[in-house]
Amino acid sequence: MRHKGFRILLFVATVLLAACGGIRYSQVNPEAKGFHPKSVALLPVDVRTSYEATGMADEVFTRVLKKSGFFQKVVSPTEIRERMEKDPAFSKEVTDYVTKFRAVSFSDPVLTRALGNSLEIEAILLVTVDYWYYTVEGEDKIAKVGFAVDLVDASTGRIAWKAAHHEQKTYWLIKPALPDLAESVAGTITGEMPR
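Here goes a summary of the coordinates provided. Everything quoted here is computed from the prediction, not taken from an experiment. (Residues numbered from 1 in each chain as written. Predicted model: local features only at pLDDT ≥ 70, side-chain atom pairs only at ≥ 80, totals over all residues. Heavy atoms only, no water.)

1. Remarks on the pattern of salt bridges
Pairing is possible between side chains that carry opposite charge, provided their charged atoms lie close to one another. In the structure shown here, the tally under the stated rule is 10 salt bridges. As a salt-bridge pair, Glu183 and Lys67 come within 3.3 Å of each other at their nearest N and O atoms. Within this pair, whereas Glu183 is found in helix α6 (residues 178–192), its partner Lys67 is found in helix α2 (residues 56–68), the two being separated by 116 residues in sequence. Its salt-bridge partner being Asp150, residue Lys162 comes within 2.7 Å of it at the nearest N-O pair. In this pair, Lys162 sits in strand β6 (residues 159–171) while Asp150 sits in strand β5 (residues 140–153), placing the two residues 12 residues apart along the sequence. A relative accessible area of 32% means that Lys162 is categorised as partly exposed. Each of Arg63, Lys67 and Glu183 takes part in a single network of salt bridges with overlapping partners. (Salt bridge = Lys/Arg side-chain N within 4 Å of Asp/Glu carboxyl O. Helix = DSSP H or I, 4+ residues; strand = E, 2+ residues; numbered from the N terminus. Buried < 20%, exposed > 50% of the residue type's maximum accessible area, 1.4 Å probe, protein only.)

Structure, rendered in structure tokens:
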């Protein structure tokens with residue numbers, strides 16, 4: 001009887017622990033189930049009002065994408081910005097695409113194809129910072145970082161996958177570094193990316 005109770009308890013604990021992990025939101029477009037890109041361009045991360053994440057979020061996501069080994073080619077936001085400074089036509093393509101995407105959630109197929117051809121990539125990844133701050137909730141001091149992502153098929157403009165995830169850490173004296181927490185969040189998101 002004792003062994004049976006232990007097995008039941010072990011099973012329940014395993015199920016509860018499994019339910020705690022994973023990504024908070026993930027949705028694959030059924031029309032894009034066969035989409036498995038080997039090259040991706042990470043557009044400059046939209047930090048919204050989390051200005052302290054500027055640059056850091058770009059670096060974190062670039063590092064995680066390269067480290068994942070899922071892509072043979074990763075074009076970073078830094079490379080995109082450098083090209084935008086040198087090439088006004090390319091700069092206009094990127095600006096027009098991002099503006100339209102952020103304003104009306106529309107991935108323009110003509111602009112996506114143009115970007116895909118210009119950058120020689122199969123996918124475009126748009127990342128938005130949802131959380132990047134320290135706060136106090138009740139008596140707890142909390143560090144919180146979260147991202148939302150859209151993976152776009154560069155040949156069609158179709159959003160192939162959407163995801164969002166955040167993590168928070170409670171601390172007492174020493175604040176956890178937000179870039180470290182961001183790396184964990186980006187790693188979780190990238191781990192769930194269709195491939």
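2. Here we look at unusual backbone geometry
One non-glycine residue, Arg48, lies in the positive phi region at around 55 degrees. Following the sequence through the fold, Arg48 ends up in the loop between β2 (39–42) and α2. Under the relative-accessibility criterion, Arg48 is labelled exposed at 52%. Even without a glycine there, the phi angle at Ser105 is positive, about 55 degrees.

3. Observations concerning the environment of Ala148
Secondary-structure assignment places Ala148 in strand β5. Once the C-alpha coordinates of Ala148 and Ala163 are considered, the two residues, 15 residues apart in sequence, prove to be 5.7 Å apart. Setting aside anything within four residues of it in sequence, one finds Ala148 in contact with Leu126, Val127, Thr128, Asp130, Ala163 and Ala164. (Contact = heavy atoms within 4.5 Å.)

4. What about the packing of helix α4 (residues 88–104) against helix α5 (residues 109–119)?
Between α4 and α5, the least distance of the axes is 10 Å, while the angle of their chain directions is 135 degrees. Here α5 runs oblique to α4, going by the angle between their axes. Crossing geometry of α4 relative to α5 is assigned as left-handed. Residues Phe90, Glu93, Val94, Asp96 and Tyr97 of α4 form the contact with α5, whose own contacting residues are Leu111, Thr112, Ala114, Leu115, Ser118 and Leu119. (Axes fitted to C-alpha atoms, helices over the stretch in contact; angles between N-to-C directions. Parallel < 35°, antiparallel > 145°, perpendicular 65-115°, else oblique. Left-handed = near helix turned anticlockwise from the far one by under 90°.)

5. Digging into the packing of aromatic side chains
By the definition in use, this model includes five aromatic pairs. Consider the rings of Tyr97 and Phe101, whose centres lie 6.0 Å apart with planes at 35 degrees: the pair is tilted. In this pair, Tyr97 and Phe101 are both assigned in helix α4, four residues apart and thus about one turn of the helix distant. An identical accessibility class is assigned to Tyr97 and Phe101; each is buried. The structure contains a cluster of three or more aromatic residues connected by ring pairs, namely Phe61, Trp132 and Phe147. Over the face of the ring belonging to Tyr131 we find Lys144, whose NZ or CZ atom lies 4.2 Å from the ring centre. Lying across the ring of Tyr134, Lys175 places its NZ or CZ 4.5 Å from the centre. (Phe/Tyr/Trp six-rings, centres within 6.5 Å; stacked < 30°, edge-to-face > 60°. Lys NZ or Arg CZ within 6 Å of the ring centre and 35° of its normal.)

6. Digging into the sheet that holds β5
Reading across from one edge, β1-β6-β5-β4-β2-β3 is the order of the six strands in this open sheet, with mixed pairing throughout. Unpaired on one side and paired on the other, β1 (25–28) and β3 (73–75) mark the two borders of the sheet. The average undirected angle you get between the axes of adjacent strands in this sheet is 20 degrees. With 12 bridges connecting them, β5 and β6 associate as antiparallel partners. Note on β6: the bridge partner recorded for Val149 is Ala163. Strands in contact with α2 are β2, β3, β4 (123–137) and β5; relative to β4, the strand with the most contacts, it is inclined by about 125 degrees. (Pairing = 2+ DSSP bridges.)

Function-wise, these values are silent; they only describe arrangement.
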